[in-house]
Amino acid sequence: MNMGKMKDLPIGGVITEGGTAHEYVTGGWRKLRPVLDKDKCTDCLICWVMCPDSAIIVEDGKMVGFDLEHCKGCGICAEECPDKVKAIKMEEETG
Amino acid sequence: MAVTMVKKQAGLTGNSAVAYAMKQINPDVCAAYPITPSTQIMEDFSSYVADGKVDTELITAESEHSAMSACIGASAAGARVMTATSSQGLALMWEMLYIASGLRLPIVLANVNRALSAPINIHCDHSDSMGARDSGWIQIYSETVQEAYDNLFQAVRIAESEKVLLPVMVCLDGFITSHAIENISLLEDAEVSQFVGGYKAQHPMLDTDNPVTYGAMTLPDSYIIFKHQQSEAIGRAKDVVVEVGKEFGNRFGREYGLMEKYRLDDADVAIVILSSAAGTTKVAVDELRAKGKKVGLLRPRLFRPFPFKEIADALKSIKAVACLDRVDSFSGFGSPLFNEIRSTLYEFEKRPKVINKIFGLGGRDYKVKDAVGVFEELLKIAETGKVETLIKYITL
Ligand code: SF4
Ligand code: SF4
């Protein structure tokens with residue numbers, strides 16, 4: 001939503017379109033970053049199911065990486081990736 | 001109110017009249033929790049629901065906090081919503097009252113005025129609605145059963161006006177008005193539906209083709225913008241109240257304005273008072289007028305937004321004014337009517353002396369002799385220009 005003209009904002013603080021959460025970048029306060037080892041990954045998509053932030057990117061049924069603009073670094077994906085696979089590692093953010 | 005037409009007459013209590021008005025409005029949703037003295041409103045209304053007389057979805061909530069929350073959800077969904085409460089019930093709605101007004105939801109609430117605990121008391125005073133006077137709700141105070149009934153229809157129109165879009169509280173005095181039977185003139189159902197019309201919400205949450213979010217967080221860059229919009233909207237409500245009151249008068253023969261003036265125009269002194277106690281005061285006015293004393297009364301009907309300009313115009317050439325508050329705001333400097341009116345008159349170089357009387361708390365009787373006593377004090381002030389006690393409890 002364009003916040004440019006403050007005076008014209010819809011009354012009551014109503015957001016008049018859907019899907020705007022996507023535009024709001026919330027990954028800024030992540031301390032740990034998930035890193036994928038694609039060689040190990042079996043595309044079981046358990047991480048996609050478990051991620052509380054819809055931050056696992058899947059294309060054509062395959063796990064391809066993370067939406068780092070929204071990933072909070074909670075580590076659930078790394079924890080839930082099956083023990084035999086363990087394709088996700090959490091690493092310190094350096095930036 | 002000037003009555004020029006009388007139609008279908010019925011003897012109804014204030015509560016039954018409000019419930020009957022709600023039946024005629026036929027709102028989409030009512031969410032409520034019973035509390036004395038407003039209980040009978042929802043009791044009567046639930047019979048209308050059970051008998052299929054209305055299409056309303058009745059939500060019997062487990063508390064007033066939940067009742068107002070459900071009203072807010074339903075209103076955001078796009079429904080026309082009404083409810084009723086009193087006293088502690090309104091107090092329990094407190095948090096949600098601000099959300100209803102901040103989200104700009106045109107909910108209509110009938111508040112049957114009752115004292116707040118402690119000590120516990122079920123009788124009339126204005127501490128409940130006066131405590132909510134800064135919650136962003138429009139507040140209209142009714143003197144009689146007829147006026148309470150008529151105010152409900154107008155409240156729907158005012159709340160839903162595109163210029164306003166704010167919740168409205170219609171207040172009537174607990175027991176004195178809510179439980180007293182008055183012979184009133186009823187409107188036809190068709191007249192009501194023509195007057196209130198249909199309601200089309202601007203951003204209904206149930207319109208899944210056009211998804212919206214209500215209640216999003218706003219940060220320091222924008223919160224004040226929404227509050228400014230809200231402030232301008234409640235300011236605009238004043239003209240809408242006048243327009244709607246005029247239209248109501250043209251259609252049904254009972255016109256309403258921002259206030260009622262009773263023998264005020266040539267008065268030397270005046271009492272300003274809300275709701276049913278104005279009736280008692282009018283008797284005192286007549287008695288004293290018969291003795292040649294120039295006394296009058298001003299009864300504000302709209303308290304929020306406060307019509308400060310119009311009230312100042314009505315009072316500026318009076319010599320002494322007493323504001324009678326049926327509430328103590330415990331500010332140490334008088335109560336709401338007094339504070340508003342004294343501040344309103346400050347801009348005039350020549351202004352009346354203004355005193356405050358706090359009366360009738362918890363249903364304590366306010367009699368003609370009490371009003372006469374105040375008028376006599378005012379006449380003395382007008383003569384000497386001296387105020388002995390600025391703020392005082394009476395009817396003790
Ligand atoms: S770290 Fe948490 S938020 Fe980020 S992708 Fe994994 S599960 Fe989702
Ligand atoms: S849970 Fe592990 S193996 Fe399964 S898709 Fe995600 S990263 Fe790949």
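Reading the values: rules and limits
- Residues numbered from 1 in each chain as written.
- Chains lettered and ligands numbered in written order.
- Predicted model: local features only at pLDDT ≥ 70, side-chain atom pairs only at ≥ 80, totals over all residues.
- Heavy atoms only, no water.
- Near = heavy atom within 4 Å.
- Nonpolar A, V, L, I, M, F, W, Y, C, P; charged D, E, K, R; others polar.
- Axes fitted to C-alpha atoms, helices over the stretch in contact; angles between N-to-C directions.
- Helix = DSSP H or I, 4+ residues; strand = E, 2+ residues; numbered from the N terminus.
- Parallel < 35°, antiparallel > 145°, perpendicular 65-115°, else oblique.
- Left-handed = near helix turned anticlockwise from the far one by under 90°.
- Contact = heavy atoms within 4.5 Å.
- 1 Å grid on protein atoms, 1.4 Å probe; cavity = no way out; pocket = protein on both sides within 12 Å on 5 of 7 lines; lining within 4 Å.
- Points joined across faces, edges and corners; volume = space filled by probe spheres on them.
- Buried area = accessible area lost by both parts, 1.4 Å probe.
- Salt bridge = Lys/Arg side-chain N within 4 Å of Asp/Glu carboxyl O.
- Polar contact = N/O pair within 3.5 Å; in protein donor to acceptor, adjacent residues only side chain to side chain.
- Buried < 20%, exposed > 50% of the residue type's maximum accessible area, 1.4 Å probe, protein only.
- Domains from an automatic or database assignment.
- Pairing = 2+ DSSP bridges.

1. Comments concerning the site of ligand 1
Logical step 1: Around ligand 1 sit A:Cys51, A:Pro52, A:Ile56, A:Phe66, A:Cys71, A:Lys72, A:Gly73, A:Cys74, A:Gly75, A:Ile76, A:Cys77 and A:Met90, and that is every residue in its neighbourhood.
Logical step 2: Of the residues belonging to the shell around ligand 1, the class tally is 9 nonpolar, 2 polar and 1 charged.

2. Considering the packing of helix 3 (residues 64–77) of chain B against helix 4 (residues 87–102) of chain B
Residue and element names in this part refer to chain B.
Logical step 1: Their axes nearest at 7 Å, the elements helix 3 and helix 4 cross at an angle of 25°. When the axis of helix 3 is compared with that of helix 4, the two are roughly parallel. Judged by the twist between their axes, the crossing of helix 3 over helix 4 is right-handed. Between helix 3 and helix 4, the residues in contact are Glu64, His65, Met68, Ser69 and Ile72 and Gly89, Leu92, Met93, Glu95, Met96, Leu97, Ile99 and Ala100, respectively.
Logical step 2: Of the residues in the contact of helix 3 with helix 4, the class split is 8 nonpolar, 3 polar and 2 charged.

3. A short note on the environment of B:Val49
Logical step 1: With respect to the secondary-structure elements, B:Val49 resides in helix 2 (residues 39–50).
Logical step 2: Once residues within four sequence positions are removed from consideration, B:Val49 is found in contact with B:Val54, B:Thr56 and B:Leu58.

4. Remarks on the layout of surface pockets
One way to see where empty space is left: roll a probe the size of a water molecule over the atoms.
Residue and element names in this part refer to chain B.
Logical step 1: Looking at the second largest pocket, its volume works out to about 450 Å³.
Logical step 2: Lining the second largest pocket are 23 residues, with Tyr98, Gly102, Tyr223, Lys227 and Gln230 sitting closest to its centre.
Logical step 3: Only helix 4 and helix 8 (223–252) provide two or more residues apiece to the lining of the second largest pocket.
Logical step 4: Among the elements that take part in the lining of the second largest pocket, helix 8 stands out by supplying 6 residues, more than any other.
Logical step 5: For the lining of the second largest pocket, the per-class residue count stands at 9 nonpolar, 10 polar and 4 charged.

5. Describing the interface of chain B and chain A
Logical step 1: Taken together, the contact pairs 16 residues of chain B with 14 residues of chain A.
Logical step 2: Taken over both partners, the interface formed by chain B and chain A buries close to 1300 Å², and the fraction arising from carbon and sulfur atoms is 67%.
Logical step 3: Applying the counting criterion to the chain B and chain A interface returns 0 salt bridges.
Logical step 4: Summed over the shared surface of chain B and chain A, the number is 2 residue pairs in polar contact (both at pLDDT 80 or more).
Logical step 5: When residues of the side of chain B that touches chain A are assigned to their parent elements, the largest contribution, 3 residues, is made by helix 8 of chain B.
Logical step 6: Across the side of chain B that touches chain A, the residue classes break down as 9 nonpolar, 5 polar and 2 charged.

6. Considering the pattern of salt bridges
All names here are of chain B.
Logical step 1: Under the criterion given, the structure shown has 26 salt bridges over all chains.
Logical step 2: In this structure, Glu143 and Lys282 form a salt bridge, with 2.9 Å as the shortest nitrogen-oxygen distance. Here Glu143 is found in the loop between strand 7 (138–141) and helix 6 (145–160), whereas its partner Lys282 is found in helix 9 (residues 277–290), with 139 residues between them in sequence.
Logical step 3: Since its relative accessible area comes to 11%, Glu143 is described here as buried.
Logical step 4: Since its relative accessible area comes to 13%, Lys282 is described here as buried.
Logical step 5: It is possible to trace a salt-bridge network through shared partners that takes in Glu143, Glu147, Glu260, Lys282, Arg299 and Arg301.

7. Brief notes about the domain arrangement of chain B
Residues and elements named next belong to chain B.
Logical step 1: Once the domains are mapped, chain B shows domain 1 (9–252) and domain 2 (259–393).
Logical step 2: Sorting the residues of domain 1 by area buried against domain 2 places Arg133, Glu143 and Lys238 first, and these three jointly supply 29% of that buried surface.
Logical step 3: Here Arg304 makes a salt bridge to Asp134, at a shortest N to O gap of 3.3 Å.
Logical step 4: Where domain 1 touches domain 2, the interface holds 18 residue pairs in polar contact (both at pLDDT 80 or more).

8. A short note on the site of ligand 2
Logical step 1: If you check the shell around ligand 2, you find A:Leu36, A:Cys41, A:Thr42, A:Asp43, A:Cys44, A:Leu45, A:Cys47, A:Met63, A:Cys81, A:Pro82, A:Val85 and A:Ile88 and nothing else.
Logical step 2: Partitioning the shell around ligand 2 into residue classes produces 10 nonpolar, 1 polar and 1 charged.

9. Remarks on unusual backbone geometry
All names here are of chain B.
Logical step 1: Residue Ala118 is bonded to the preceding Ser117 through a cis peptide linkage, with omega at -5°.
Logical step 2: Mapped onto the elements of the fold, Ala118 is located in the loop between strand 6 (108–113) and helix 5 (127–131).
Logical step 3: Residue Pro119 is reached from Ala118 by a cis peptide bond, and omega for that bond is -5°.
Logical step 4: With respect to the helices, strands and loops of the structure, Pro119 is situated in the loop between strand 6 and helix 5.

10. A closer look at the pairing of strand 16 (residues 353–358) of chain B
For a regular strand, side-chain orientation follows a simple rule: the groups alternate between the two sheet faces.
Residue and element names in this part refer to chain B.
Logical step 1: Burial of strand 16 is extensive: 5 of the 6 residues sit out of reach of the surface.
Logical step 2: Alignment of strand 15 (residues 320–325) against strand 16, held across 6 bridges, turns out to be parallel. In the strand pairing of strand 16, Asp325 is matched with Ile358.
Logical step 3: Sheet analysis places strand 16 next to strand 17 (residues 391–393), joined by 3 bridges and oriented parallel. Note that in strand 17 the partner of Asn356 across the bridge is Ile391.

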